[in-house]
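# Coordinates in review
One letter stands for each residue in the lines below.
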Amino acid sequence: MEIALICTSSLSYLPFVGNYEDILKENNANFTIINWDRLHVEDDSNRFTYRDKKVGHKRNYFDYLIFKKFVMKKLNERKFDKIIVFDIPLLHFLEKYLIKNYREKYIIDIRDYHKIKMFTNMKKLIENSSFVVISSDRYKVWLPLSDKYVINHNTRIKSLRELRPTNCKKDYKEIRIACIGAIS
């Protein structure tokens with residue numbers, strides 16, 4: 001079985017992809033990661049890694065169109081049995097292709113809300129997927145009603161036994177979170 005994991009960022013910013021790699025390796029599945037190295041931090045000899053001239057996370061609609069073209073070329077070069085798609089914007093660009101060519105053979109992984117979902121038929125994409133991985137149960141508030149949702153938090157922890165106590169003093173009256181996400 002050949003599986004493609006399609007990611008819209010540098011792999012160092014996608015720790016949860018490792019969960020898929022572990023499962024696929026345990027099941028002796030052949031897989032290829034097609035990704036967009038936005039920060040130019042990965043091996044540039046990998047023919048499944050896309051790089052444009054920009055360096056940074058921020059991209060526009062046309063950047064995604066060019067990445068879609070790269071992805072389509074890679075998918076057509078090699079016939080994959082299943083596809084795992086990360087990111088709502090990428091779903092938007094691959095919507096028709098997935099439904100036409102991979103009905104019930106693609107998995108959606110959603111880690112963030114994105115406004116482009118308003119222009120994407122999320123209900124149809126979800127109905128035609130194998131299942132949908134979300135990182136929070138609260139995503140169901142803005143996603144279509146479905147029984148295909150599976151929760152997988154943004155962690156590499158496999159067991160509660162791996163959790164360790166924090167070193168946070170209990171005498172603080174409040175804790176302020178200064179930043180959520182990537183800091184460069």
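Residues numbered from 1 in each chain as written. Predicted model: local features only at pLDDT ≥ 70, side-chain atom pairs only at ≥ 80, totals over all residues. Heavy atoms only, no water.

Here the focus is the layout of surface pockets. Considered as a void within the structure, the second largest pocket measures approximately 210 Å³ in volume. Of all the secondary-structure elements, those providing two or more residues to the lining of the second largest pocket are helix 1 (17-26), strand 4 (82-86), strand 6 (131-134) and strand 7 (149-151). Taken together, the residues that form the lining of the second largest pocket break down as 11 nonpolar, two polar and one charged. (1 Å grid on protein atoms, 1.4 Å probe; cavity = no way out; pocket = protein on both sides within 12 Å on 5 of 7 lines; lining within 4 Å. Points joined across faces, edges and corners; volume = space filled by probe spheres on them. Helix = DSSP H or I, 4+ residues; strand = E, 2+ residues; numbered from the N terminus. Nonpolar A, V, L, I, M, F, W, Y, C, P; charged D, E, K, R; others polar.)

Every buried residue of helix 1 is listed here: V17, G18, N19, Y20, D22 and L24. Positive phi shows up at N28, right after helix 1, with a value of about 50°. (Buried < 20%, exposed > 50% of the residue type's maximum accessible area, 1.4 Å probe, protein only.)

Turning to the sheet that holds strand 7, a few remarks are in order. Pairing between sheet strands relies on hydrogen bonds along the backbone, with the strands arranged either parallel or antiparallel. One open sheet accounts for seven strands, arranged 3-2-1-4-5-6-7; its pairing is parallel. Only two strands of the sheet have a single neighbouring strand rather than two, namely strand 3 (49-50) and strand 7. The pairing of strand 6 with strand 7 spans three bridges and is parallel. Paired with V132 across the strands is Y149, a residue of strand 7. On top of the sheet, helix 2 (residues 61-77) reaches strand 1 (2-7), strand 2 (30-36), strand 3 and strand 4; it is set at about 160° to strand 2, its chief contact. Strands in contact with helix 3 (residues 88-101) are strand 1, strand 4 and strand 5 (106-110); relative to strand 4, the strand with the most contacts, it is inclined by about 155°. (Pairing = 2+ DSSP bridges. Contact = heavy atoms within 4.5 Å. Axes fitted to C-alpha atoms, helices over the stretch in contact; angles between N-to-C directions.)

Looking now at the environment of P89. By the secondary structure assignment, P89 is in helix 3. Judged by its relative accessible area of 1%, P89 is buried. Through-space distance from the C-alpha of P89 to that of H114 is 7.1 Å; in sequence the pair is 25 residues apart. Excluding residues within four positions of it along the chain, P89 makes contact with Y64, H114 and I116.

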